[in-house]
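# Close look at the chain arrangement
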Amino acid sequence: MEVLIAQIFNGLSLGSIYVLLVTGFNLLLLVAMIIHFSFPVVVVFSMYVSWAVMTATGMVPLGILAGILSAIAVNVVTAPMFQHIMKKRGSVDINATMVISMGMGMIITDILSHTFNQGFPIAFPDALTGNDKGALISTRLISISRGQVLTLIIGVIFVLFLFWLLYKTRAGRAFRAIAEDPNGAKLVGIPLLKTGLQSYALTGILGGVTAVLMAVLLGSASAGLGDQLGHKVLAVSIIAGLGNLKGGLIIGLLLGVLEAVIQGYLAGSWSNAIAFIIMLIVILAKPKGVFGSSL
Amino acid sequence: MLSIKGVSKHFGGLKALKDVSFNIEDGRIHGIIGPNGSGKTTMFNCITGLLEVTAGNIYLDDKEITGKPAHEISNLGIRRTFQQGKLVPSMTVVENVMSGIFDFKIRDIPDTFFRKPFADSKIESKLREDSLEILAMLGLEKSADRWASDLVWAERQFVQIARAVVSKPKILLLDEPAAGMGPIETQEVGELIKKIKEMGISPVVVSHDMKMLMNIAETVTVLNFGDNIFEGTPEEVQKDPRVLEAYLGAE
Amino acid sequence: MSLPLYYFLAIAAIYILMSWSIYIPYRVGQLHFMTVANMAISAYFAALMAINFSWPFWLVLIAGTLLGALIGFLVSLAIGDAPCFAVVIVGFTFIYLTKTIIENVEAFGGPLGIFSIPKVMQTSSSNRVFLLITAYALVLLTGYLIKRFDRSRLGRAASAIFIDRDLAVSFGVDVKKMGMFLQSWASAVGGMSGVLYAFIMQSISPNHFTFHIVGICMTMLFVGGYSTIWGALLAAPILWGFPLILPEVLQSWNIVIYGVLLIVVLVIKPEGIITRPMIKKLESILLRKKKLV
Amino acid sequence: DQEVSDTESTGVVATEWEIPFLNCLTGPIASIGEYLQWGAEYAAEQINAAGGISGVPVKIVRVDTGMSPEKGTVEMSKLVADALVVMGPVPEPVIMAAVPIAVDEGLYSFTATTSFEYAAEYFPWAISWFSPTDEKLPPIVTAWAEKVEAKKVVQFVENYGAWPGMARAHVIGLEKAGVTVLEDVEVPTDAVSLGPLIVKALAQNPDAIVFSCNAEKVAKIIIELKNRGWEDMNKMLVFSSADDAALYTTGGDKINGVMIYNYNDPNLDTDRWNDFRQAFKDDHEGIEPFSLSPNYYDAVYMIKRAIEETGVTGDPKKLAEERILIRDFCNDVKNFEGLQYDWSNKGGYPADKPLFLFEIQGGEKVLIAKIIPE
Amino acid sequence: MAQNDPILKIKNLSVAYGQVKALTDISIEVLKGEIVVLVGANGAGKTSIMETVLGANVPVSGTIEFKGKSIGGVPVDKNVRNGMYLVPEGRGVFSSMTVMDNLLLGAHHNLKNADSKLELVFDSFPVLGNRKSQVAGTLSGGERQMLAIGRALMSSPEMILVDEPSIGLAPIIVNDIFEILVNLNKEGYSILLSEQNVYKALKIAHRGYILETGKMTKHGTADELLNDPAVREAYLGA
Ligand SMILES: Nc1ncnc2c1ncn2[C@@H]1O[C@H](COP(=O)(O)OP(=O)(O)OP(=O)(O)O)[C@@H](O)[C@H]1O
Ligand SMILES: Nc1ncnc2c1ncn2[C@@H]1O[C@H](COP(=O)(O)OP(=O)(O)OP(=O)(O)O)[C@@H](O)[C@H]1O
Ligand SMILES: [Mg+2]
Ligand SMILES: [Mg+2]
């Protein structure tokens, strides 16, 4: 029983990473119609920037700030590129944004793998991870750290906040309108550039915060981390229903727990395959996602 | 030929069609009118199988087609055009028209796959001829090799009609073929529909253009809020007070 | 023939086939990464049959292709008309599943892989000539079939499905059957490439069939242009070839160059370098010349 | 003038020994490739400064294959026409794709980084730097288990390359020491969070732990175990393949006290080693030499000795026979003066290379035991 | 501003799309409180005029003044803030968003009065009131057109540009919409309308301009145009 509880807590903490990443992914889908399946790679990039600044200056807050700013910068630079392609392509083919996202993923992963720290994994200082302070709760098997609690809470808050922002506010409506039809949005008087930049910056902030939380939670990162997460994030979003923020929250946590339980009770090397098979069954039964797509 | 018996269609709480019945006779032009949102497009979607009916039955030549998959219904000889003017932009006009004939059988495999790579097969050549013929009938033969993405609105509608007609269906459902057209083009559409009738196809026309519709239609069904409120000749329709109120407004 | 040229051409053939295997279902808008799993499965099948049961090459090739088709067909029963995203997930699932199974089953060589897949011909050089001719014969055959498909009712129906399913259905196209056909076909091409790959490389391991193949083939398809078969046909050899001749200073940036190329092409020309109108124009010029002669 | 006469006396016609190195210099493990390259190039530099091989300078030609087996085939096939001998290729997928080509054309390759299992497939055309796993590893594991008095052990195993084979060798060693092996916990290659695996391991109540998985994961698991109150750091044993920079950059001082075994002793005090160590540190911002770097350093010297002792001339006409001369020499080289110690090869692998057990302290390895197989 | 001042003044406007000349030398005036109709066949350039006035197209030459100030180069959103609003041709609604969201988008620059405006819209188009949370993509063709007009009302503009509102609408609804336009006009809105339903449009308009392939061929008061034999033949089918 203790094992099960411990695994559920482990799963929730993995799940909260999925939740944050899926939320960022969905947000890009909602405000820019981009299927950015390398979004986790961009997040890992921000982790690296944050680490580089932390090790260079020795100041953790500065590192956090740099991480968030870099995420904003990457988004604000790249999202218009996606949009440009979408505009030329018409609205038929958002699947193809996956391809350009893949290109970005290739570039970033490769840069990470031979510039920062000579390509070796990076480790974040205790001042950020709080590892030296020990766990909040700790029995023989169950262990809950500050980072885990923080990530989960912030994950949930972000989902609720974004839901409110997108569906209940003036800015959110404008974001969604631009995503669906930039030209039409322009004709009804939404300032494209300004609103677009705002929405990309928002995604950037989310990405940056995710990067910092992942640094706290995982304590280290490697160049391949983003790719490892990419497929799962895409899968979670599809299963929950593309663009469904609440669905992403629930399915993200569920997948985390599912994976933890598979790894804990069945063979570890099968966990990916089993997790994907379960997701496959769900997606075949409900092609539009469990909670419905909000596109 | 096509009989609609007690068809209802509900979207959640919204009743888009309520127990609608009418018949479409062979060799006549059948008009459907009704205010916006009265369920005309929904009716078409139900007939062609794109939507499942909530209740009721649809028969083609006394054979029930309710619940059949949409592509089968289409192959039984019911074709349609779309209100939004859907074309495949990456194909030329003539290819768009040719795509109206699908009807692929196993025995077509040799002809399709085992011929010279850069030439048309026998069936293809025939299809192309047929399509060019239809385009000529519409006066669009000069546009045959233009890309569909370059067409203007009125041309898109004509190409849509050509694509539906080329397969020689029994029934052709036209959803607002004259929407967004000027009086002259609208008149052309009217003429075209008459020609289509002469080809042995029974056109069913949804249109808000009363003048055109009343000119060509032989029977008119009037829908209002999903109810079939009237059916008769154009003259009768124009006299009926309920229709006048619902559709034309008291003028 | 020189050895490097042989390997360049032989592997180019595989990339062409694999890019086409993604092109085929993308005709109806489905990104069917399943074919990479088919490639792995048939490569392993080929290796095991050739080593353990001494099956002749032709038998292995046909059986491996059919195996791909069969798996593709069975899967397509469930996802023939599924939306693109569901199909993507199915592809990922099968890639993970295949990799996990071959890594964990000792009979498949486990994580070490399988070595010394036999030659088809007695001597190395005749073996190479034979494999190269076979590979390009298969490229020709596949290209020919795709070309015929594109120029037929089936091809137009597929284009219609790509734009709007309801539209295609209104012509009487069975969307599911079409999807099943294309997916099975693509999986067969994937399987065929796998068999060729096994015999060309002579040893295989789980690490040969990872997502990098998905990435490379998608890059080739989308840089070349996804609206005709010519895009992948031209882009595959070029994209695969140019890192081989890059100067040493740029070598270590070749993946970045790939990525940048992909993005630049998509930004400037979203349909890829070679588009349908271009090919049509070219064909009409060539045909007109013929007529004049 | 001196050199010219030297050349004449040995009959060497080559003006430069070009030794291609098929290495992985791009992608996620590019940095490791760079360390190997450094070892080879440092050896070449030393050799050239001392007058070259048979009086002719040597040059290491960089050939990058990335992780791509396909690229490996083309690069290798470019070399088979006129290379005398080839270093690499690395890593495993490229070895599998490219070495068969070399074998086919009678070209000897130093795939020397990886375990015996890969090179053995291509014997006598490829050489391994390690002896058969089952033979060599068990004794050092036994020694560790007896030293730390382990009773019940859990092993973390990743299903990659030769690692499961090493894990099996560990079990043999553990059983020899009378230890109960409770369970092998499988570590997924792309695991992001390791909590579930750790809980699974701890639930067995082990008193010691053995690792056969990627260096970064080893470090993360150790940190996590420590966070959960694991105190006997000695009772954790890390296998040689994890002895790369990722272990130390990720683990920091949280892995102090953990034991690790490997084939090199960084604290050896010989002039040659000290020089190598210093040069490496100078070129790499002060970090300790990567444990596999000496392999390719040794490889270049082994090639030097083979050329000089067998009288290879570099004459293109005699290429095929000279390749075989080198092959046969290296496969059974006797008393080779390696960077760290002398050893002899037997059938394409070192028969008597020692193995060391260390304790990690502040990023350094402190020698605990040394085992020389018979 | 006095009643008879021009609210919109277009002078010698020319617009081109690459090589295609869409408009040449067009001059149009809309006085405050007027309904002005643009009449012309498909492709005559009606939409081009509207979009250029709004600021979505850059003219080749010519000047545009709105409320006495030149608005050359002013972006769309500034013009909208300034009291101009376009009801785009065809499906200008956002189909993935709900009816309510679409309407509120209209009030993007003016959310404070949204509630009272909503009431007005739902009074004018009761259907929209019943479909508040339906996504616009599933609306019928006509309902979408109503939504587009409703959205324009939400922005409390001084001048509305209405591009072919009668496309796909039942006669009764066309009448309704024209009635709404007239009512709006009476409340002080100036309206620039483009229509192919020439008869009905001229019936409600004060003045009209006739366009043929990018050139202005005729203009005058609505009555003059209605009685002009050439116009009658070309556009009224008489
Ligand atoms: N998928 C759907 N979900 C919910 N409601 C729908 C859906 N499709 C149609 N409706 C509703 O059903 C009603 C009938 O729509 P339909 O499109 O059939 O009208 P119509 O008669 O074709 O109108 P128009 O002439 O304006 O095109 C409308 O009120 C519409 O909003
Ligand atoms: N974006 C564009 N690129 C190129 N040409 C264009 C573009 N928009 C319009 N045109 C051309 O400009 C001319 C005028 O078009 P416009 O849309 O203004 O006409 P319209 O009077 O509104 O026609 P309709 O009644 O069909 O809406 C047409 O010849 C059209 O083809
Ligand atoms: Mg309709
Ligand atoms: Mg227009």
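Scroll up a little and you will see the structure.
How each quantity is defined
- Residues numbered from 1 in each chain as written.
- Chains lettered and ligands numbered in written order.
- Predicted model: local features only at pLDDT ≥ 70, side-chain atom pairs only at ≥ 80, totals over all residues.
- Heavy atoms only, no water.
- Helix = DSSP H or I, 4+ residues; strand = E, 2+ residues; numbered from the N terminus.
- Rg over C-alpha atoms; globule rule 2.2 N^0.38 Å.
- Buried < 20%, exposed > 50% of the residue type's maximum accessible area, 1.4 Å probe, protein only.
- Contact = heavy atoms within 4.5 Å.
- Areas by Shrake-Rupley, 256 points an atom, 1.4 Å probe, with all protein chains shown as cover.
- Lys, Arg positive; Asp, Glu negative; His and termini not counted.
- Charge placed at Lys NZ, Arg CZ, Asp CG, Glu CD.
- Patch = residues over 30% accessible without salt bridge, like charges linked within 9 Å, V, L, I, M, F, W, Y side chains within 5 Å.
- Salt bridge = Lys/Arg side-chain N within 4 Å of Asp/Glu carboxyl O.
- Near = heavy atom within 4 Å.
- Polar contact = N/O pair within 3.5 Å; in protein donor to acceptor, adjacent residues only side chain to side chain.
- Donors = N, O, S within 2.8 Å, 3.2 Å for Na, K, Ca; no water.
- Disulfide = S-S within 2.5 Å.
- Buried area = accessible area lost by both parts, 1.4 Å probe.
- Pairing = 2+ DSSP bridges.
- Axes fitted to C-alpha atoms, helices over the stretch in contact; angles between N-to-C directions.

## A word on the overall build of chain D
On a plain count of helices and strands, chain D comes out with 13 helices and 13 strands. For a compact globule of 374 residues, the expected C-alpha radius of gyration is about 21 Å, and chain D comes in at 21 Å, within 12% of that figure. In terms of overall dimensions, chain D has a C-alpha envelope of 70 × 40 × 40 Å along the principal axes. Going through the 374 residues of chain D one by one, you find that 65% of them count as buried. Sequence-distant contacts, at least 24 apart, represent 68% of the contacts inside chain D between residues at least 6 apart. Total accessible area computed for chain D in this model is approximately 12700 Å², and 49% of it derives from carbon and sulfur atoms. Distance from the positive charge centre (31 side chains) to the negative charge centre (58 side chains) of chain D: 5 Å.

## Quick notes on a nonpolar patch on the surface
Side chains of A:Leu136, A:Ile137, A:Val149, A:Ile153, A:Ile157, A:Phe161 and A:Trp164 sit close together on the surface and give an oily, nonpolar patch of about 650 Å² of accessible area. Assignment of secondary structure puts A:Ile153 in helix α6 (residues 146-168).

## Topic: the site of ligand 2
Residue and element names in this part refer to chain E. Within the structure, ligand 2 sits among 13 residues, and Gly 43, Lys 46, Thr 47, Ser 48 and Glu 89 are positioned closest to it. Backbone polar atom of Gly 45 to an oxygen atom of ligand 2: 2.8 Å apart, as the coordinates give it. Here Glu 89 contributes a side-chain N or O atom positioned 2.6 Å from an oxygen atom of ligand 2. In the complex, 65% of the free accessible area of ligand 2, which totals 630 Å², lies under the protein chains.

## Remarks on the coordination of the magnesium ion (ligand 3)
Residue and element names in this part refer to chain B. Looking at the magnesium ion (ligand 3), one finds its protein donor set to be Thr 41 (OG1) and Gln 83 (OE1), positioned 1.9 to 2.3 Å from the metal centre. Placement of the pair is Thr 41 in helix α1 (residues 40-47) and Gln 83 in the loop between β6 (78-80) and α3 (93-98), with a sequence separation of 42 residues. Note on Thr 41: relative accessible area 26%, which makes it partly exposed. The class of Gln 83 is buried, set by a relative accessible area of 18%.

## Observations concerning the state of the cysteines
The tally for this structure, following the rule as stated, stands at 0 disulfides over all chains. Just so you know, C:Cys217 is unpaired, no disulfide at all, and the nearest cysteine sulfur is the one on C:Cys84, 16 Å from it.

## Some points on the coordination of the magnesium ion (ligand 4)
All names here are of chain E. Listed as protein donors to the magnesium ion (ligand 4) are Thr 47 (OG1) and Glu 89 (OE); their distances from the metal cover 1.8 to 2.4 Å. Of this pair, Thr 47 sits in helix α1 (residues 46-54) while Glu 89 sits in the loop between β6 (84-87) and α3 (99-106), and the two are 42 residues apart along the sequence. Overall, Glu 89 belongs to the partly exposed group, its relative accessible area being 37%.

## A closer look at the interface of chain C and chain D
With 35 residues of chain C at the contact, the number on the chain D side is 31 residues. At the boundary of chain C with chain D, total buried surface from both sides reaches about 2700 Å², with 58% on carbon and sulfur atoms. When the buried surface of chain C facing chain D is broken down by residue, C:Leu112, C:Phe115 and C:Leu244 rank first, second and third, together holding 20% of it. In this assembly, chain C and chain D are joined by 2 salt bridges. As a salt-bridge pair, D:Asp104 and C:Lys119 come within 3.1 Å of each other at their nearest N and O atoms. Scanning the region where chain C abuts chain D turns up 7 residue pairs in polar contact (both at pLDDT 80 or more).

## Some points on the sheet that holds strand β10 (residues 215-221) of chain E
Residue and element names in this part refer to chain E. With mixed pairing, 6 strands are arranged side by side in an open sheet as β6-β7-β8-β3-β9-β10. Of all the strands in the sheet, just β6 and β10 have a single pairing partner and so form its edges. The sheet shows a mean angle of 15° between the axes of neighbouring strands, direction not considered. Across 4 bridges, β6 lies against strand β7 (residues 159-163) in parallel orientation. Residue Met 84 lies in a different strand from β7, and its bridge partner there is Met 159. Here helix α7 (residues 171-186) sits on the sheet in contact with β3 (35-40), β7 and β8 (190-195), set at roughly 155° to β8.

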